[in-house]
Amino acid sequence: MSGVSLRLDLDRWRQHLATVVDATPGIVPVAKGNGYGFGLRRLAAESARLGVDSVAVGLASEVAAVRTEFAGDIVVMTPWRPGDDLARELLSDRRVITTVSRLEDLQAIGALSGESALAGESAGEHRPRVIVEILTSMQRHGIRPEQLPAVADQLNRISFEGWMVHLPLLHEGRFEEAETLARAALAVSPGAIWVSHLPAVEATTLGRQLAGADGEPASVRLRVGTWLWLGDPGAYSPVAAVLDVHRVRRGDRAGYRQRKITKDGWLLVLAGGTAHGIGMEAPTPAASGRQRLIALAQGGLEAAGRALSPYTVGGKKRWFLEPPHMQASLVLLPLTEQPPAIGDEVPVELRLTTALVDQVSEV
Ligand SMILES: *Cc1c(COP(=O)(O)O)cnc(C)c1O
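Residues numbered from 1 in each chain as written. Predicted model: local features only at pLDDT ≥ 70, side-chain atom pairs only at ≥ 80, totals over all residues. Heavy atoms only, no water.

## Structural notes on the overall build of the protein
To keep things clear, this is the line we draw: Put simply, DSSP marks the helices as runs of H or I at least four residues long and the strands as runs of E at least two long, and each gets a number from the N terminus on. Working definition of accessibility: Shrake-Rupley area with a 1.4 Å probe, residue cover restricted to the visible protein chains.
Scanning the protein for helices and strands turns up twelve helices and 18 strands. Of the roughly 16,900 Å² that the protein leaves accessible, carbon and sulfur atoms contribute 52%.

So this is what it looks like as structure tokens:
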């Protein structure tokens, strides 16, 4: 393999996915952004395999990649705004559920729904499917709780799919907050409660607490991304190809910046750079404090200005000679180490919510 690969133990990964889905009634897998390192299409295909009825994407522009691989409903989580032509088009897509976070947008969608342009396709039957977002302590998007009663007047022109409650991570009173907001919302109109960042057991409890007069639990839909796709780190590992290896001597210069090499050793040219999201994570925490002192002691003053790379060679993270290039990085290895061969792959630490790998290779 060339470039940066995400090695994927497909059986183990699928086992983890199935475990999470089994433990999470009402789960809605989230496939957005870089597809958590795996890509949107793969996540959509896995969601189909898992047999869930809905997935959630972040943006209207992500619907296209998901809808070819997944035949169920697609929730767009970023709130609808006027002026976004694609989001407006998607209102007439029967498989798309739009999130709305302001009364004025709900009115605008209602008005569009009344127009024949949108009623479109078959005999004007279709109404836009909408989730209404409630403002939580996140303070990101949503209708303020005191405005909720005004939502009721707007629901007859849309197909109402429920309420969205997006909670902060690790927040003390999150369960109480979810329950209070959901109760207020259900008093306005019955519907599913779409939550995020609530543990599965709490989501189930929430459904029971919100049970109607008939004792039926409320429908709670839990959107899960990171925990689902990246929750078993043993199932995947990013690696980078060794592109070149050069023997270097103290005093040599190398790289764009022609930095001086301070010790005899090996200069490794490794696949991966800023285009892959390398240089945006591991260097910062590692290049501080103790690591810098060690660098100072080992490599002289110049090394102190260098950053620890996310590449592991011979069991240890190694230093960048200079900041990563777009698709390759220069990394130093002491002479006492056995250098890898060209074509080998070495582990590279990547934050998979920001990284772009060249391929996912199933192992
Ligand atoms: C991204 C996102 C999620 C999924 O978040 P993870 O932390 O990756 O599970 C859930 N809900 C909303 C609204 C999101 O934007």
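## Topic: the packing of aromatic side chains
Heads up, the condition is: Ring pairs are drawn from Phe, Tyr and Trp, using the six-membered ring of Trp, whenever the two centres fall within 6.5 Å, and their geometry is named by plane angle: stacked under 30 degrees, edge-to-face over 60, tilted for the rest. Over a ring means this: the NZ of a Lys or the CZ of an Arg is within 6 Å of the ring centre and within 35 degrees of the ring normal.
All chains considered together, the criterion is met by five aromatic pairs. Cation over ring: Arg221 sits above Trp194, and NZ or CZ is 5.3 Å from the ring centre. In this structure, Arg247 is placed above the aromatic ring of Trp266, and the distance from its NZ or CZ to the ring centre is 6.0 Å.

## Examining the site of the ligand
Going by this rule: Residues are labelled near a given molecule or strand when at least one of their non-hydrogen atoms is within 4 Å of it. Definition of a polar contact: a pair of N or O atoms within 3.5 Å, with one able to donate and the other able to accept a hydrogen when the atoms are protein atoms, and with sequence-neighbouring residues admitted only if both atoms are side-chain atoms. Classification used: nonpolar for Ala, Val, Leu, Ile, Met, Phe, Trp, Tyr, Cys and Pro, charged for Asp, Glu, Lys and Arg, polar for all others including Gly.
Around the ligand sit Val30, Lys32, Tyr36, Met77, Arg140, Met164, His166, Ser196, His197, Val224, Gly225 and Thr226, and that is every residue in its neighbourhood. The side chain of Lys32 places a nitrogen or oxygen atom 2.8 Å from an oxygen atom of the ligand. Ser196 is positioned such that a nitrogen or oxygen atom in its side chain is 2.7 Å from a nitrogen atom of the ligand. Out of a free accessible area of 390 Å², the ligand has 86% covered by protein chains. Tallied by class, residues from the shell around the ligand come to five nonpolar, five polar and two charged.

## Considering the environment of Ala65
What counts, and what does not: Residue burial is assigned from relative accessible area. The probe radius is 1.4 Å, only protein chains are included, and a residue is buried under 20% of its type maximum, exposed over 50%, and partly exposed in between. Residue contacts are counted whenever heavy atoms from the two residues lie within 4.5 Å of one another.
Position of Ala65 relative to the elements: it lies in helix α3 (residues 63–67). A residue is classified by how much of its surface remains accessible, and Ala65, at 17% relative accessible area, is buried. When the C-alpha positions of Ala65 and Ala31 are compared, they lie 9.8 Å apart, and in sequence the two are 34 residues distant. If we skip the residues at most four places from it in the chain, Ala65 touches Leu40 and Arg41.

## Section: the pairing of strand β13 (residues 265–271)
As a reminder of what qualifies: Paired strands, as defined in this entry, are two strands with at least two bridges between them according to DSSP.
Counted residue by residue, β13 has seven buried out of seven residues, so it is predominantly covered. Two strands pair when backbone bridges link them, and strand β10 (residues 236–248) and β13 are joined in this way by six bridges, in the antiparallel orientation. Each residue of the ladder has a partner; that of Val248, found in β13, is Gly265. As paired elements, β13 and strand β16 (residues 328–334) share seven bridges and run antiparallel to each other. Pairing of Leu270 across the sheet is with Ser329, part of β16.

## Comments concerning the packing of helix α1 (residues 10–23) against helix α2 (residues 40–50)
This is how the line gets drawn: Note on method: axes are straight lines fitted to C-alpha atoms, helices fitted across the in-contact stretch only, with angles between N-to-C directions ranging 0 to 180 degrees. Each angle is binned into one of four classes, with values under 35 degrees roughly parallel, values over 145 roughly antiparallel, values of 65 to 115 roughly perpendicular, and all other values oblique. Whether a crossing is left-handed or right-handed is set by the direction in which the near helix is turned from the far one by less than a right angle, anticlockwise for left-handed and clockwise for right-handed.
Where α1 meets α2, the axes come as close as 11 Å, and the angle between the chain directions of the two elements is 60 degrees. As the angle between them shows, α1 and α2 are arranged oblique. The crossing of α1 and α2 is right-handed. Across the interface between the two elements, Leu10, Trp13, Arg14, Leu17, Ala18 and Val21 of α1 pack against Arg42, Leu43, Glu46, Arg49 and Leu50 of α2.

## Describing the sheet that holds strand β2 (residues 27–29)
Read across the sheet, eight strands follow the order β2-β9-β8-β7-β6-β5-β4-β3 without closing on themselves; strand pairing throughout is parallel. A strand with exactly one partner marks an edge of an open sheet, and here the two such strands are β2 and β3 (54–57). Recorded for the sheet is a direction-independent mean angle of 30 degrees between the axes of neighbouring strands. As defined by bridge partners, strand β4 (residues 73–76) adjoins strand β5 (residues 96–100) across three bridges and the pair is classed as parallel.

## As for the pattern of salt bridges
Definition in use: Salt bridges, as used here, are contacts in which a Lys or Arg side-chain nitrogen is within 4 Å of a carboxyl oxygen on Asp or Glu.
This model, assessed by the stated rule, comprises 15 salt bridges. Residue Lys317 pairs with Glu349 through a salt bridge whose shortest N-O separation is 2.5 Å. In this pair, Lys317 sits in strand β15 (residues 316–319) while Glu349 sits in the loop between β17 (345–347) and β18 (359–362), placing the two residues 32 residues apart along the sequence. On the basis of relative accessible area, Glu349 is assigned to the partly exposed category, the value being 40%. A salt bridge links Glu337 to Arg318, with the nearest nitrogen and oxygen atoms 3.5 Å apart.

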